Amino acid sequence: MPLSNLNEDQLSAATCQKGFNLIIASAGTGKTSTIVGRIANLINNGVKPEEILLLTFTNKAAAEMVSRVAKFFGKDTAKKIMAGTFHSVSYKLLKELNINITLKQPSELKTLFKSLYEKRVFYDRDDEANPYDGGYLYDLYSLYLNSNDGEDLGSWIKNKNEAHEIYTPIYEDVVLEFNELKVKYGYANFDDLLTIMLDTLKEKEFPFKEILVDEYQDTNPLQGRLLDAFKPKSLFCVGDYDQSIYAFNGSDIGIISTFSTRYNNANVFTLRKNYRSSRPILDLATKVIEHNERIYEKHLQVMRNDVSIPPKLLAFNELFAQYHHISDLISKSSTPHNEIAIIFRNNSSADGIEANLREYGIPAKRKGGMSFFDSVEVKFVLDLLVMQLSHNDMMAFIHILEHGKGIGKAIAKDIFDALIKLGHGDIFKGLFHPDASILNPYESNRVKNIQLGLFDDFVELGSVSKFKDCGFEEAFLGNPILKHPKLNIDGAKYIYDFYLLVKQIRRTKNPDSLIASITGSMLYSRLKDFLSTKRATQKDGTVNAVQKAKALAKLNRKVMLLKQLARNFHDLSKFVNSMILGGGEMSEGEGVNLLSVHASKGLEFKEVFVIDLMDGRFPNRKLMSKGGSLEEERRLFYVAVTRAKDVLYLSYAKFDKIKKMDFIHSPFLKEAGLIKKESEEI
């Protein structure tokens, strides 16, 4: 049984009385085993699995825990546990209540938000501050939703930057229009799932007897309010304040630090035995993190005595000499590539080391930059699948059409609005059977309002005669959407290819068959040629044929991976939602792990390189000036070094010859006691 494998601290926590319990679980102390043990204890004591709610930071972590429970109680019992992230659990519960939601990635709705923002003109301006751009305002609004304490958006923005008070009427109106469109089309991003769930819990109660929360230190105020809205009779929260690294995303370390004062008769347990890292690695991590304020006292015991290799500092005179030397060390290492991680604080660091690894022929997989599902070629296929489920999906339509030559986001949205008008609310009717009585589907209904930055934008129609020799079907040639004045011949051909593909696949629902049809179409062929050409175009404008072939090969590999994923699904809706909810957790390929500190969370490796430990880069002073803190940067350092089990390298450089920039070492290296005169120079 799971409980028989626990040490004394873990067992004490797993079998504690119901109530409000906080378990402080440092890196490598067996928090997953403790949570699984707790679930086993609940089931053994008569709690039904469907009365257990498990909230984790990733869906992968939830699946692993449920899988462990299944080994002891069987799959039928384990699958009854409601488990997943705050977002995925909210989605499942809302679906159970038949609440209509079309799930969208934050980056997708950002496109919609920016298209609304870009229609505004800021007639009044403050000389001391320009208005935020649309993308930044979208991110700011997301941060507001996750971290506000009840104030309205305008007041919240004013408190952050008083100079922007003059712009808040426009900011708030863009947000209002954005939210109205989301409601109209049933769109919800991850933030919306939580706010909708929060509203639902005002009227609906769920029969959970205990709620377990993993990575509790990264809970943000919105998630905290949601947790309380469930009215838990018993809480089992597991976390480590030294690993709270998501302040930029709204997480609040105060939530874990005030647990014992916010809940009556709360208990705090501490897991002290570390099974992951060797003593020298753990000693270094502890020495640095103790510079942060201690919230709950803890003294870790090292349980490993098999390895005792001191962490090694590598100091370089030049930035790229660092990347070159690390690649050389890895090429000579006997450690399997998948057991090696290179951890970085900034994406520019990853770009440099990735290029050097390629020179050495060392395969690498990167996580923490762009997700597999954020790549244009994959998103394109998924958007076409979304349109099979809901053909009036505005965001999917815009993302598909914007890649046509001369189209872009603005024209794509104009065409969507026109098709909706021509089809009386049905885009496919507008595409295949447009209302002939509507002569100008592009006529604007906007009303001018100077205070809110709105202005008139009347569109005069163009002529369709330029498309007569394009080989279009008569039915398509007669569609008024071709009268858009900015639509060129290449753009019209692209829309025609979309028209033909939709006509072919309209009644297909099998994910595997759909992907085969889409990726074999002329529309996708045009996209592949466009993307591979773009990715192989050099600074002088010429196209490198070898790079284009490589880009095409990589693009085709992604398509094959998507097809493989689709084979596990027969239901199109389940496939699409699974790809959206779980997409951010996937990495592509095999080899050395290139990881941002945030992406490395929860992982462990035999050999770890933490690179670019220069003051300014790590800690990242630029992010600190935007609301971060040295304490959070120190926690990031702690997370990075505690990924290492046996071997740890810490490296920095003194000069960047490309940017002509001098560096000094990170203060964390001094706190670790590694900066000495005899430090190695290479």
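Note that this is a predicted model, so its numbers are computed, not measured. (Residues numbered from 1 in each chain as written. Predicted model: local features only at pLDDT ≥ 70, side-chain atom pairs only at ≥ 80, totals over all residues. Heavy atoms only, no water.)

## Some words on the packing of aromatic side chains
With the rule as written, the count across this model stands at 36 aromatic pairs. On the numbers, 5.7 Å between centres and 20° between planes, the contact of Tyr132 with Tyr171 is stacked. One end of the pair, Tyr132, is in the loop between helix 6 (106–117) and helix 7 (134–147); the other, Tyr171, is in helix 9 (residues 168–185), and 39 residues separate them in sequence. Overall, Tyr132 belongs to the buried group, its relative accessible area being 14%. Centroid distance Phe380 to Tyr524: 5.8 Å. Interplanar angle 45°. Geometry classified as tilted. Of this pair, Phe380 sits in helix 17 (residues 376–389) while Tyr524 sits in helix 24 (residues 522–536), placing them 144 residues apart in sequence. The rings of Tyr117, Phe122, Tyr132, Tyr136, Tyr167 and Tyr171 are connected pair by pair, giving a single aromatic cluster. Over the aromatic face of Phe206 sits the side chain of Lys204, whose NZ or CZ is 5.6 Å from the ring centroid. A cation over a ring is seen here: Lys601 above Phe57, with NZ or CZ 5.7 Å from the ring centre. (Phe/Tyr/Trp six-rings, centres within 6.5 Å; stacked < 30°, edge-to-face > 60°. Helix = DSSP H or I, 4+ residues; strand = E, 2+ residues; numbered from the N terminus. Buried < 20%, exposed > 50% of the residue type's maximum accessible area, 1.4 Å probe, protein only. Lys NZ or Arg CZ within 6 Å of the ring centre and 35° of its normal.)

## Points about the sheet that holds strand 8 (residues 267–271)
Spatially, six strands are ordered 3-2-6-7-1-8 in an open sheet, and the strand pairing comes out parallel. Single-partner strands in this sheet number two, and they are strand 3 (82–84) and strand 8. On average, each strand axis in the sheet is tilted by 10° relative to the strand beside it, whichever way the strands run. In this structure, strand 1 (residues 20–25) lies alongside strand 7 (residues 235–239), joined through five bridges in parallel fashion. Residue pairing for strand 7: Asn21 is matched across the bridge by Phe236. Helix 2 (residues 31–44) contacts strand 1, strand 2 (52–55), strand 6 (210–213), strand 7 and strand 8 of the sheet and is inclined by roughly 170° relative to strand 6. On the sheet, helix 5 (residues 86–96) packs against strand 2, strand 3 and strand 6 and is oriented at approximately 140° with respect to strand 3. (Pairing = 2+ DSSP bridges. Axes fitted to C-alpha atoms, helices over the stretch in contact; angles between N-to-C directions. Contact = heavy atoms within 4.5 Å.)

## Considerations on the domain arrangement of the chain
According to the domain assignment, the chain contains domain 1 (8–99 + 199–273), domain 2 (106–185), domain 3 (302–363 + 590–672) and domain 4 (376–573). Averaged C-alpha coordinates put domain 3 and domain 4 at centres separated by 42 Å. (Domains from an automatic or database assignment.)

## Here's the deal with a positive patch on the surface
A surface patch of like charges, here positive, comprises Arg358, Lys550, Lys554 and Arg557. Per-element tally for the positive patch: the top contributor is helix 25 (residues 545–566), with three residues. You can call Lys554 partly exposed: its relative accessible area is 46%. (Patch = residues over 30% accessible without salt bridge, like charges linked within 9 Å, V, L, I, M, F, W, Y side chains within 5 Å. Areas by Shrake-Rupley, 256 points an atom, 1.4 Å probe, with all protein chains shown as cover. Salt bridge = Lys/Arg side-chain N within 4 Å of Asp/Glu carboxyl O. Lys, Arg positive; Asp, Glu negative; His and termini not counted. Charge placed at Lys NZ, Arg CZ, Asp CG, Glu CD.)

## Comments concerning the side chain of Arg345
One can find Arg345 in the loop between strand 12 (340–344) and helix 16 (347–359). Since its relative accessible area comes to 15%, Arg345 is described here as buried. Within polar-contact distance, the side chain of Arg345 engages the side chain of Glu633 at 2.8 Å. Ignoring any residue separated from it by four or fewer positions in sequence, one finds Arg345 in contact with Val597, His598, Arg617, Phe618, Asn620, Leu623, Glu633 and Leu636. (Polar contact = N/O pair within 3.5 Å; in protein donor to acceptor, adjacent residues only side chain to side chain.)

## A few points about helix 5
Counting buried positions along helix 5 yields eight of eleven residues, so the element is predominantly enclosed. Looking only at helix 5, the buried set comprises Phe86, His87, Ser88, Val89, Ser90, Tyr91, Leu93 and Leu94. Backbone geometry just downstream of helix 5 places Asn98 in the positive-phi region, at approximately 60°.

## Details of unusual backbone geometry
Of the consecutive residues Phe618 and Pro619, the connecting peptide bond is found in the cis state with omega at 15°. Assignment of secondary structure puts Pro619 in the loop between strand 15 (605–610) and helix 28 (621–625). In this model, Glu215 sits at a positive phi of 50°, which is unusual for a non-glycine residue. Checked against the element boundaries, Glu215 lands in the loop between strand 6 and helix 11 (221–229).

## So, the pattern of salt bridges
Within this structure, the stated rule accounts for 36 salt bridges. With its nearest N and O atoms 3.2 Å apart, the salt bridge here joins Arg635 to Glu632. Here Arg635 pairs with Glu632, and both are found in helix 29 (residues 630–641), just three residues apart, close to one helical turn. By relative accessible area, which is 9% here, Arg635 ends up buried. Close ionic contact of Arg634 with Glu671 constitutes a salt bridge, the shortest N to O distance being 2.8 Å. Here Arg634, found in helix 29, pairs with Glu671, found in helix 30 (residues 667–671); they are 37 residues apart in sequence, far enough to count as distant. Accessibility expressed as a relative area gives 5% for Arg634, which makes it buried. For Glu671, a relative accessible area of 16% translates into the label buried. Taken together, the shared-partner salt bridges in this structure form one network comprising Lys31, Asp214, Glu215, Asp218 and Lys601.

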